[in-house]
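Understanding the architecture of this molecule
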Amino acid sequence: MMASAPRTRGARLRQHTIALARVAREVLQSSQGVEAAFAVLAPIAMQTLGLQRLVLWQMDGGMLTCLQASGSSLLPAPRPGRQRAVSDWPTPVPNRRRDQRTPADVRRVHDIAAIKNQAWRDALQQEGVGAYIDAHLHIDGVAWAQLQFESATPRYWHADEAALVGYFGDVLSVAMDRDRRRDAEARLLYLDLYDNVSGVANRTLFHACVCQLLMRMKHRPRQAALLFLSIDRFFNVNELLGEAGGDSTLALLAERINAATPDEAVVARVESDCFGVLLPRIAGEWEALALAQQLLDVIAEPLSPSLDVSASIGIAFFGPVAETGVPSAEALLRNADLASRQAKLEGRSRVEVFDAESHRSLVQRLAMERALRNAVRDDRIEVAYQAEVNLLTGEVAGAEALARWRLEDGQLLAAGDFIDVAEASGLIESIGYRVLERACVEACHWPTQDDGTPRLLRANISARQFGEPGLIDGVGAALAASGLPPERLCLEITETTLMQSASASLTTLEALRALGIRLAIDDFGTGYSSLAYLRRFPVDTLKLDKTMIDDLVGDHNALAIVCAVRDLAQALSLEVVVEGIEHAEQDAMLRALGFTNVQGFFYARPEPAADFAARLARPVVRRALEAEAT
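Below is a summary of the structure that appears in this document. (Residues numbered from 1 in each chain as written. Predicted model: local features only at pLDDT ≥ 70, side-chain atom pairs only at ≥ 80, totals over all residues. Heavy atoms only, no water.)

Side note on the nonpolar core
What counts is decided by this rule: What we call a nonpolar core is a set of buried Ala, Val, Leu, Ile, Met, Phe, Trp, Tyr and Cys residues that are connected through their side-chain atoms within 4.5 Å. With a 1.4 Å probe rolled over the protein chains alone, any residue whose accessible area is under 20% of its type maximum counts as buried; one over 50% counts as exposed, and the rest are partly exposed. Per the convention used, a helix needs a DSSP run of H or I reaching at least four residues, while a strand needs a run of E reaching at least two, with both numbered from the N terminus. Residue contacts follow a heavy-atom distance rule, with two residues in contact if any of their heavy atoms lie within 4.5 Å.
Counting 77 residues, the largest nonpolar core has Ile-431, Leu-457, Leu-489 and Leu-491 as its most contacted members. Among the elements that take part in this core, helix H11 (residues 428-443) stands out by supplying 8 residues, more than any other. Excluding anything up to four places from it in sequence, Ile-431 contacts Leu-372, Val-376, Ile-381, Ala-403, Phe-418 and Ala-422. Among the nonpolar cores identified, the runner-up in size contains 34 residues, and Ala-19, Val-34, Ala-131 and Ile-139 belong to it.

Structure, rendered in structure tokens:
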């Protein structure tokens, strides 16, 4: 026999109205979430409907998970997190109310024994459930949960009770929607304040933390520091791994930085490849410097067998240790950034402290970088040529292509005035290729020497270019576009560059040699060449640096060294070009020693393409050179 509620319909309705009003007042008017709403709803619903258990199940894929539960001695509450397979759950039969506006669907089961799904029936009977009525909760038309009202004995569920259950479900749906909106707002706030790639704070939050610290320091003075970590040449990582790989690398670096910094520090990604670390309290400058060195070490740890990175760190101190007082948050960030740029200019993978005295020179250097970048964009990088002379014939045997920067006011800057900035900023690559491409085109128009020998074009390859994977293709493209025969091009690489990684240099030199071009070791005598590698390097020419012949006249030791290099080159079948000749005495000495190819101001200064072409058109080049020298 099924038990029915002893109350009359009118009494039930009055009680339902009172119960619903209590729930609505406490839940809806107080903006409670689903957890608090269930805590309010459960005792009222169980008392009003005469229940022994109320369970809120969340629908999640193929599983049902208990979110909240309230039970009794007859029907104990399942623990939150308990799961059931959806296959055990009977397919719901919607019984939506007529207005179709509320998000809950209600189903009534008066007697568990009548359930056709055996697995579900057996499970409920095993738990001691005799009857249940449930509401399927929806948000935006999607069912997200099941609110199940259970009785320990079979009973008849009246229509007004089903309606009340539906309203209770509506209340929880509203509470759940609030939770979802709060989660969305929290997510939006997170996106506003945290970097979604690295997971650390973004520049906005970092700036706010610095401002907050500065406000506190007005009342409680302390020593603090701001570290600006700039990852060196991060564009190489993006080129090698792609954008997704670059993002993964940034996330890994952020983890390392977080792990190495104290708990009270604030770590943020303040630029695309830069992190900031705020140390709100330090014992002295030494503490920040020690941490910066530790960060250099952890960042330098290999990311993979074939990938490692480094960083340049700038530090701005403020508080009692800072001579300039307490600046603004933006000033601190700028100062630390400037110090990190100085660290890059000094060679990267190092720490620099912001110094107000060096600030002006650094700002000037950054201004030059911007101007140089504009010059590259506006095609104001020109090529000058310095003649290379054959002492036996007096003819111009070729020329070295040199970069020149045409300023907006028309002034022309030599490479020595901007090459350091070009190297530090990465502009050296585009400048180097532009000079090479233009020089190859112009060299095609040079006339041959009197005996029909083609004149040689020499072009410098920077250390940065030499280490780039696209070097071989870039040189090949310049030759193909210009039509210059490969044997007329000689690339010059400094001795120091080659010996930075001799084995890798050997591979690159062999690939360049396969193009059919000639190769020279530039500034020979200023580095630390290994004779074993010198023998293995597929080079054709040694270019003696100017420093080796400055004291050639009158210094027996200098003379002995030059003679030794001459003999070494002859033994290895290498051509020797002596550069930097400025005096007639040096010219005479080199002739006496048997050197053939020379270069220097004594013979010709670097000159524009048109002037160099005019030089080549002179019928007696040697006499013209002697006339210029006198």
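Considerations on the side chain of Arg-615
Counted only if it meets this: Within 3.5 Å is the distance limit for a polar contact, defined as a pair of N or O atoms, with the added protein rule that one can donate a hydrogen and the other accept it, and that residues adjacent in sequence qualify only through two side-chain atoms.
Here Arg-615 lies in helix H19 (residues 609-617). Only 2.7 Å separates the side chain of Arg-615 from the side chain of Glu-607, close enough to count as a polar contact.

Considerations on the sheet that holds strand E12 (residues 351-353)
Counted only if it meets this: DSSP calls a pair of strands paired once it identifies at least 2 bridges connecting them. To define axes, lines are fitted to C-alpha atoms, for helices over the stretch in contact only, and angles between the resulting N-to-C directions are given on a 0 to 180 degree scale.
The strand order across the open sheet formed by 6 strands is E7-E9-E10-E8-E11-E12, and the pairing between neighbours is mixed. The open sheet has two free edges, formed respectively by strand E7 (201-202) and E12, since each of these has just one partner strand. For strand E8 (residues 224-231) and strand E11 (residues 311-318), the ladder comprises 8 bridges, and the chain directions are antiparallel. Each bridged residue has a counterpart across the sheet, and for Ala-225 the counterpart in E11 is Phe-317. Strands in contact with helix H5 (residues 203-219) are E7, E8, strand E9 (266-271), strand E10 (274-279) and E11; relative to E9, the strand with the most contacts, it is inclined by about 130°. Sheet strands touched by helix H7 (residues 285-300): E8, E10, E11 and E12. Its angle to E11, the strand with the most contacts, is close to 165°.

Focus on the pairing of strand E13 (residues 381-390)
With 9 of 10 residues buried, E13 is to be regarded as a mostly interior element. Two strands pair when backbone bridges link them, and E13 and strand E14 (residues 396-406) are joined in this way by 9 bridges, in the antiparallel orientation. In the strand pairing of E14, Ala-387 is matched with Ala-399. Between the antiparallel neighbours E13 and E14 lie 5 residues, among them Gly-394 with a positive phi of about 75°. The sheet contact formed by E13 and strand E22 (residues 607-608) spans 2 bridges and is antiparallel. Across the sheet, residue Ala-384 finds its bridge partner in E22, namely Pro-608.

Here we look at the packing of aromatic side chains
Ring pairs (aromatic) are described by centroid distance and by the angle formed between their planes. Rules: To pair, rings of Phe, Tyr and Trp, with the six-membered ring standing in for Trp, must have centres within 6.5 Å; the planes then decide the type, stacked if under 30 degrees apart, edge-to-face if over 60, and tilted in the middle. Both a distance and an angle decide whether a charge sits over a ring: NZ of Lys or CZ of Arg must be within 6 Å of the ring centre and within 35 degrees of the ring normal.
Scanning all chains against the criterion turns up 7 aromatic pairs. Each ring, one from Trp-120 and one from Tyr-132, has its centre 6.3 Å from the other, and the planes form 80°; the classification is edge-to-face. Of this pair, Trp-120 sits in helix H3 (residues 118-127) while Tyr-132 is found in strand E5 (residues 131-139), placing the two residues 12 residues apart along the sequence. Ring centres 6.3 Å apart and planes at 25° place the aromatic pair Phe-149 and Phe-168 in the stacked group. Of this pair, Phe-149 sits in strand E6 (residues 142-151) while Phe-168 sits in helix H4 (residues 159-193), and the two are 19 residues apart along the sequence. The same class applies to Phe-149 as to Phe-168, namely buried. In this structure an aromatic cluster arises from ring pairing among Tyr-385, Trp-446 and Phe-612. Above the face of the Trp-157 ring, Arg-155 is positioned so that its terminal group lies 4.0 Å from the ring centre. If you follow Arg-605 out to its NZ or CZ, it ends over the ring of Phe-601, 4.1 Å from the centre.

Coordinates in, geometry out; function isn't part of it.
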